[in-house]
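Survey of secondary and tertiary structure
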Amino acid sequence: MRLLKYPYLVQREILENMEYPDLFMLSFVSKNTKKLIKSTQMNRFKMISSIKYDTDRTDQPYVYIAHENSNDQIMRIVEDKETKKDDFQLSISGKTINFRLQEDDRNSRLELPERFFSPYPVITYKQCDKESVIKSIHDYLLDFFGTSVKYLWQAQDFKDTDFYIPFVSQLQNVSFCIDLWLGWNFEEMARLENFFALSPILKSIQMYARTTSQPFNPKSKFYQAESVEIDQYQHTVPDILGRFQGRQAFIRCAECKRSALIEFMNRWKSGEEFQNLEYLKIEIFGGEVLQNQILNAIEAKQLDATKQPPTHSVPKVYNWYNRNPKTDPIISHSYIVRQTDNRVATVLIQWNTLTFGVWDATEEQFLGMVN
């Protein structure tokens, strides 16, 4: 088909009926084809919710386009261990890169009919060229899909046998979300802190931490992550309640002193710390959170018991595993007020769980929301 010979309206109709992976592959045909796709699909590209690099400890990402509750795989980037006869080369962002086409093995495992098989490009690299190849590919995506699209790099660790430091490259417009496992005998804190120091501020960290003998650096960039989801033994390793600077924290721990919860909320009230915080949930699976003692200690205010409190819930910074996209709702008559700007935080205590939600509202505005 000589696509560029057709009238513009016909070209647009043809491209509108192509899937994202096919449009991406077609864009490599020529500069004019790429330009045509960009000009006709501009509005459609705005519907893309994110482009995600999805990796495990092999650090060889699959790349997906997320849109309308669907994920379309458009390529994979892998280390080149052997050259195959069908490999070919293309110039991408000024760099010559090796390609090959591969059938979607997920479809073959499902034993789908052949018409459902979707070949995708595999980009290969030599280990010494890994970072430059990934950067060239990313620059191509930025140029093709635009800078308004959300770009994510997710690194997950599914093994608990040894410590794994994920590969994080300095890529434009990319938010990094990583999964880390720190076992009982963890002795790699120097490597971990060096990783945080060299990495950009992380969007989300998911961590399993059982170490109690390896404290985090009080100035660690770990505490600057936008969101932290952590399952830890002691609440002080790492010390989220004392040093977190991000927006959302989800904590499960075996041990946590009541005084630490009180100090956290009093420091928020004073305006000294946690200015960016919008949601925190801590579940202590080794004991009960004593509601009355804590609420009295922080001098919590109480709404009229006959009134219906407003519900606090915000979009999650990052939705691991595509679960609930919003934080659990908080409905409570108890609240505290920040001294520096009169902002309100709702406090909910239920047996072994404390949930803390900050409103973008002054006390007067908050009371106006009470039914």
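Read on for an overview of the structure. What you see is a predicted model; the values in this text were computed from it and never measured.

On the secondary structure map, Lys-126 appears in the loop between strand E6 (120–125) and helix H6 (130–145). Distance in space between the C-alpha atoms of Lys-126 and Asn-185 is 34 Å, their sequence separation being 59 residues.

With that settled, consider the nonpolar core. Grouped together as the largest cluster of nonpolar side chains are 89 residues, with contacts concentrated most on Leu-141, Phe-145, Leu-192, Phe-196, Ile-282 and Phe-356. Broken down by element, the residue count for this core peaks at eight residues, all from H6. If you look at the next biggest cluster of nonpolar residues, it comprises eight residues, including Leu-303, Tyr-335, Val-337 and Val-344.

To continue, consider the state of the cysteines. Inspection of every chain in the model, using the stated rule, returns zero disulfides. With no disulfide of its own, Cys-253 lies closest to Cys-256 among cysteine sulfurs, the gap being 4.9 Å. A relative accessible area of 0% means that Cys-253 is categorised as buried.

Next up on the list: the pattern of salt bridges. Under the criterion given, the structure shown has 18 salt bridges. Salt-bridge contacts for Asp-80 lead to Arg-100; the nearest nitrogen and oxygen are separated by 3.6 Å. Of this pair, Asp-80 sits in the loop between strand E3 (70–79) and strand E4 (88–92) while Arg-100 sits in strand E5 (residues 95–102), placing them 20 residues apart in sequence. Grouping residues by exposure puts Asp-80 and Arg-100 together as buried. One salt bridge connects Lys-301 with Glu-363, and the closest N-O pair in it is separated by 3.0 Å. With Lys-301 in strand E13 (residues 301–302) and Glu-363 in helix H11 (residues 363–368), the pair connects residues that are 62 residues apart, well separated along the chain. Using a relative accessible area of 37% as the deciding quantity, one classes Lys-301 as partly exposed. Using a relative accessible area of 15% as the deciding quantity, one classes Glu-363 as buried. Connected through salt bridges with shared partners, the residues Asp-80, Asp-87, Arg-100 and Lys-126 form a single ionic network.

Let's shift gears to the side chain of Asn-352. The topology assignment puts Asn-352 in the loop between strand E15 (343–350) and strand E16 (353–362). Judged by relative accessible area, which is 10%, Asn-352 ranks as buried. Only 3.1 Å separates the side chain of Asn-352 from the side chain of Thr-353, close enough to count as a polar contact. If near-sequence neighbours (up to four positions away) are discounted, Asn-352 is found in contact with Ile-282, Glu-283, Ile-284, Phe-285, Gly-287, Glu-288 and Val-289.

Of all the positions in helix H7 (residues 189–198), only Met-189, Leu-192, Glu-193, Phe-195 and Phe-196 are classed as buried. Buried residues along H7 cover an arc of 155° about the axis, so they all sit on one side. Relative to its buried face, H7 has exposed residues pointing more than 90 degrees away, namely Ala-190 and Leu-198. Considering only its buried residues, H7 is in contact with strand E8 (174–182) and strand E9 (204–209).

We now examine the pairing of E3. Here is the key point about a regular strand: its side chains alternate between the two faces of the sheet. Most of E3 is tucked away, with seven of its 10 residues classed as buried. Judged from the six bridges that link them, strand E2 (residues 62–67) and E3 form a sheet pairing that is antiparallel. Following the sheet pairing, Ala-66 is matched in E3 by Asn-71. Hairpin geometry of E2 and E3 is characterised by an intervening segment of two residues between the two adjacent antiparallel strands and by a positive phi of about 45° at Glu-68.

How each quantity is defined
Residues numbered from 1 in each chain as written. Predicted model: local features only at pLDDT ≥ 70, side-chain atom pairs only at ≥ 80, totals over all residues. Heavy atoms only, no water. Helix = DSSP H or I, 4+ residues; strand = E, 2+ residues; numbered from the N terminus. Core = buried A, V, L, I, M, F, W, Y, C linked by side-chain atoms within 4.5 Å. Buried < 20%, exposed > 50% of the residue type's maximum accessible area, 1.4 Å probe, protein only. Disulfide = S-S within 2.5 Å. Salt bridge = Lys/Arg side-chain N within 4 Å of Asp/Glu carboxyl O. Polar contact = N/O pair within 3.5 Å; in protein donor to acceptor, adjacent residues only side chain to side chain. Contact = heavy atoms within 4.5 Å. Arc of directions from axis to C-beta. Pairing = 2+ DSSP bridges.

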